[in-house]
Amino acid sequence: MEATGTDEVEKIKSKFMSAWNNMKYSWVLKTKTYFSRNSPVFLLGKCYHFKTEGEYRALHSFQPSSAGINTEISGNVEEFRKDFISRIWLTYREEFPQIQGSALTTDCGWGCTLRTGQMLLAQGLMLHFLGRAWVWPEALDMDSSDSESWTSNPVRKLTASFEASLTAERDPKILPRPQRGPARRSWDVTEMRNEVYHRKIISWFGDSPLAAFGLHQLIEHGKKSGKMAGDWYGPAVVAHILRKAVEEARDPELQGVTVYVAQDCTVYSSDVIDRQCSFMDSGKSGTKAVIILVPVRLGGERTNTDYLEFVKGILSLEYCVGIIGGKPKQSYYFAGFQDDSLIYMDPHYCQSFVDVSIKDFPLESFHCPSPKKMSFKKMDPSCTIGFYCRTVQDFEKASEEITKMLKSSSKEKYPLFTFVKGHSRDYDLASSPLHEENYLFSEDEKKRLKRFSTEEFVLL
């Protein structure tokens, strides 16, 4: 009886915290983001220019300030909106199945870094299954949704705010709700296949115990490093949790993907290639795609602005899957930039649980209608950078390209991180085994994770 009473108290406390955090972060729906029409906007390797609305204009004279930035102009305002909205947005949720070992049914106030980690992994899986050119066909129709799980008025407010930011309007008009037109046009075979994967990727991040990369599974993996539901997670710890989650995933579709986490700011090329060439669970040999995660610090207590050009260069690469970072006390998923401001997706908005196991579950709450911007100077130095390489050849090409970028952007004696040939064991470092037996984290990893946990900032 006493235990039941304690559970009830925890549930009431959880609901109160959800309500408080939803009110606390309600500014997410109210703030307006301003974009310059005179500067290019980069989003995960694609470049857009807003100089002439509604008209494509390739600026061949544009010369970026940092070496290695992709200068291909991909489109205008509408194309950028469509591309941004197509990225998968994972936020705080409430009223999901209770997390094992706790009374928590929400991650409001503590799960933001897990959410930004989910967004980075989701982008890697989108590159793997859909390719960078894919956009959600219904991206610009989000405001016409009738779904109860997603309030259409906030969506229209966010969309209107973004459009107003480009026209310098101070009080954006809420777009009228469009009339429901005829049934959705018929999709061709490729579009139908892409939509299946679109839904499947989102379902892997569902807030239920069975979802491969859902919050429940990530917390279970985190327990092996001493983390519990309700604790704060840093970008480096989340990188290792994501690696474990991918290793433990049993969906056959995921057997062709692996994750490598850099050790002490060093990517050991032979370790990466070993992972790519490892046997799949089916017993067949094959080359796996790899998502490389590099936990780094961009300075001491504050971010060193000398790293700005490197971060911009990284986000201009199409195989970059974003950055798990933020500012002190808040975690964001960085996906692009304009001038000296970073473009990000914010997980600090508490939405209702969506059951992704049902057929045709609503998609709208998994796509953000409006980007946010933040000055690079406000960025916390602790972050994790992610890359996706489909083949060994892609990895070798990426390592060469990023190494050149590191050398050209570094004003310090040592680069932010390095690629070295050989295995980590060749340098007297404990190499993480590809297949652990009865444990998820090696003793070396536990020590490293403990160090990261004490060094990193607190994320709310």
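Counting of residues starts from 1 at the beginning of each chain's written sequence and follows it residue by residue. Only residues with pLDDT of at least 70 are given local features in this predicted model, and only at 80 or more are side-chain atom pairs given and counted; all residues enter the totals for whole chains, interfaces and linings. Values shown for side chains rest on all heavy atoms present in the structure; no hydrogens or waters enter the calculation.

Q: Now, about the packing of aromatic side chains: what can you tell me, with residues and values included?
A: Stacked, tilted and edge-to-face pairs are distinguished by plane angle, under 30 degrees for stacked and over 60 for edge-to-face with tilted covering the rest, among Phe, Tyr and Trp rings (Trp via its six-membered ring) whose centres lie within 6.5 Å. By the definition in use, this model includes 20 aromatic pairs. Members of the aromatic cluster, joined through ring pairs, are F310, Y319, F387, F395, F417 and F419. Positioned above the aromatic ring of F366, the side-chain terminus of R93 is 4.6 Å from the ring centre. Counting as a charge over the ring demands two things of the Lys NZ or Arg CZ atom: a distance within 6 Å of the ring centre and an angle within 35 degrees of the ring normal. The residue whose ring lies beneath K227 is Y233, and the NZ or CZ to ring-centre distance is 5.8 Å.

Q: Account for the nonpolar core, naming residues and giving values.
A: Counting residues in each nonpolar core, the largest one holds 72 residues, and the members touching the most others are F80, W110, L125, I201, W204, F205 and F213. What counts as a helix is a DSSP run of H or I of at least four residues, what counts as a strand is a run of E of at least two, and both are numbered from the N terminus. Element by element, the count of residues in this core is highest for helix α3 (residues 112–129), at 9 residues. What is meant by a nonpolar core is a set of buried Ala, Val, Leu, Ile, Met, Phe, Trp, Tyr and Cys residues, joined one to another through side-chain atoms within 4.5 Å. The buried label goes to any residue with under 20% of its type's maximum accessible area, the exposed label to any with over 50%, and the partly exposed label to all in between, with areas taken from a 1.4 Å probe on protein chains only.

Q: Got a sec to walk through helix α8 (residues 269–276)? Specific residues and values, please.
A: Restricting attention to buried positions, one finds in α8 the residues S269, D271, V272, R275 and Q276. Angularly, the buried residues of α8 cover 165° about the axis, an arc narrow enough to put them on a single face. Arc, as used here, means the arc of the directions from the helix axis to the C-beta atoms.

Q: Report on the pattern of salt bridges, specifying residues and quantitative values.
A: The term salt bridge refers to a side-chain nitrogen of Lys or Arg lying within 4 Å of a carboxyl oxygen of Asp or Glu. Taken as a whole and judged by the stated rule, the model has 14 salt bridges. A salt bridge links R250 to E248; its shortest N-O distance comes to 4.0 Å. Classification of R250 as exposed rests on a relative accessible area of 56%. For K312, the salt bridge goes to D340, with nearest N and O atoms at 3.6 Å. Here D340 lies in the loop between β9 (330–338) and β10 (341–345) and K312 lies in helix α9 (residues 308–315), a separation of 28 residues in the sequence. Judged by relative accessible area, which is 8%, K312 ranks as buried. Via salt bridges that share partners, R243, K244, E247 and R275 belong to a single interconnected network.

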